[in-house]
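Overview (structure and organization)
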Amino acid sequence: MTHLWVRAEQRENEERVGLTPSGAARLIAAGIKVTVEDSTSRCLPTDAYAQAGATIAPENSWPTAPNDAIIFGLKELPDDGTALAHRHIMFGHAFKGQPSGQILLKRFQEGGGTLLDLEYLVDEVGRRVAAFGYWAGYAGAAVALKCWAAQQKNRIAGPVGTYPSSTHLLADLQSDLVATGSHRPTALIIGALGRVGTGAADLCTAMGVPTARWDMEETQHGGPFPEILTHDIFFNCILARPGTPVFVPADTPHRARKLTVIGDIACDPDSDFSPIKVYDRTTTWHAPALRVHDAPPLDVTAIDNLPSMLPVESSEDYAEQLLPSLLTLTMMQSGVWGRGKATFDKALTQL
């Protein structure tokens, strides 16, 4: 019997989950065994999974799961160097040459396991079957606006946290902006037609922030893009890949510019393909802004688990998108899972 084991997330500030209790019930009805680890941080209660028919396991017990279990989580595993023997469904950030990803792939190589990366689960035409993009864009835009609001008081943005709902986030952000006066920044979004860009645009609209919305048509000439410097905030909402043009060159901090905040929502600074060349590391919930220049200020915000700021809404949305693929776990040699395995195998050959 196909066995899906939903692990507890072990990363700080991560409350999301990729399977809801109702989704677990659907899988069980389809003949898939579902084990869900208890969790002290998950946004959905463990009892609800038990009521749906799932087996409940102790928190972080997945290393002792049966060898044939498919371990399902969202964010990275503990960086303890252990070999990985199971099949894992998760965001691995390992297929674009990232240094930490190379270490992860070697752990799978040593243990004989498989990484089925959620970012690379695609349908027949290469479109991702599920993505957190909308809520990443929504939350990322909120954090960038918090960075801008802090700058208006000659500060750097302080810690951010989770919200029970998007309504609570909007109320908090509105309070921040009102405290700066009536002026609002302008923003430019690249990737505005995608899920991430749509989320960023919707948040900006809700906050009365005028936005220029660019996509492939506006960027196909390959740059440079001096228009970015004429806005207060720039949002990068496209996934870095070979051929992605550079939007923010390394000398940007020293140029004449109105730009003071970069929201790199795609957040892939370790990749050689990153289009934002003024920073080299992600930011955190405790310190969401990285100041890369002082006068005039230029802050970069690049948190790599933004949707967890709105854990319930983002989890429910993502889980609904992914469930049709999870229902095909009984046929892992073909379809979305077969394509995912082929991507992993190719990555191993390039180690």
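Before going into details, it helps to say that this report is about the structure given with it.

1. Thoughts on the pairing of strand β10 (residues 261-264)
Burial along β10 is two-sided: Val261 and Gly263 and Ile262 and Asp264, pointing in opposite directions, are all buried. Of the strand pairs in this sheet, strand β9 (residues 233-236) and β10 are connected by 4 bridges, and their pairing is parallel. In the strand pairing of β10, Phe234 is matched with Ile262. As defined by bridge partners, β10 adjoins strand β12 (residues 298-301) across 3 bridges and the pair is classed as parallel. By the bridge assignment, Gly263 is partnered in β12 with Thr301.

2. Quick word on the sheet that holds strand β4 (residues 70-72)
Sheet strands associate in pairs through backbone hydrogen bonding, adopting either a parallel or an antiparallel arrangement. An order of β3-β2-β1-β4-β5-β6 is seen for the 6 strands of this open sheet, with the pairing classed as parallel. Each edge of the open sheet is held by one strand with a lone partner, namely β3 (55-57) and β6 (114-117). Between one strand axis and the next, the sheet turns through 25° on average, direction left out of account. Examined bridge by bridge, β4 and strand β5 (residues 87-90) share 3 bridges and lie parallel to one another. Following the sheet pairing, Ile71 is matched in β5 by His88.

3. Structural notes on the packing of helix α4 (residues 133-151) against helix α6 (residues 195-206)
Remark: α4 packs on α6, axes separated minimally by 6 Å, with the N-to-C direction vectors making an angle of 45°. With respect to each other, α4 and α6 are oriented oblique. In terms of crossing hand, the pair formed by α4 and α6 is right-handed. Across the interface between the two elements, Gly133, Tyr134, Gly137, Tyr138, Ala141, Ala142 and Leu145 of α4 pack against Arg195, Val196, Thr198, Gly199, Ala200, Asp202, Leu203 and Cys204 of α6. Tallied by class, the residues present in the contact of α4 with α6 amount to 9 nonpolar, 4 polar and 2 charged.

4. A few points about the packing of aromatic side chains
For the structure on display, the rule yields 11 aromatic pairs. Taking 6.2 Å as the distance between ring centres and 45° as the angle between the ring planes, the aromatic pair formed by Phe91 and Tyr318 counts as tilted. Placement of the pair is Phe91 in the loop between β5 and α3 (99-111) and Tyr318 in helix α8 (residues 311-326), with a sequence separation of 227 residues. The same class applies to Phe91 and to Tyr318, which are both buried. The interplanar angle of 65° and the centroid separation of 5.4 Å between the aromatic rings of Phe225 and Phe247 together place this pair among those described as edge-to-face. With Phe225 in the loop between α7 (216-219) and β9 and Phe247 in the loop between β9 and β10, this pair connects stretches of sequence that are 22 residues apart. Through a chain of ring-to-ring contacts, the aromatic side chains of Trp214, Phe225, Phe234 and Phe247 assemble into a single cluster. The aromatic ring of Phe132 is capped on one face by Arg16, whose charged end is 4.4 Å from the ring centroid.

What counts and how
Residues numbered from 1 in each chain as written. Predicted model: local features only at pLDDT ≥ 70, side-chain atom pairs only at ≥ 80, totals over all residues. Heavy atoms only, no water. Buried < 20%, exposed > 50% of the residue type's maximum accessible area, 1.4 Å probe, protein only. Helix = DSSP H or I, 4+ residues; strand = E, 2+ residues; numbered from the N terminus. Pairing = 2+ DSSP bridges. Axes fitted to C-alpha atoms, helices over the stretch in contact; angles between N-to-C directions. Parallel < 35°, antiparallel > 145°, perpendicular 65-115°, else oblique. Left-handed = near helix turned anticlockwise from the far one by under 90°. Contact = heavy atoms within 4.5 Å. Nonpolar A, V, L, I, M, F, W, Y, C, P; charged D, E, K, R; others polar. Phe/Tyr/Trp six-rings, centres within 6.5 Å; stacked < 30°, edge-to-face > 60°. Lys NZ or Arg CZ within 6 Å of the ring centre and 35° of its normal.

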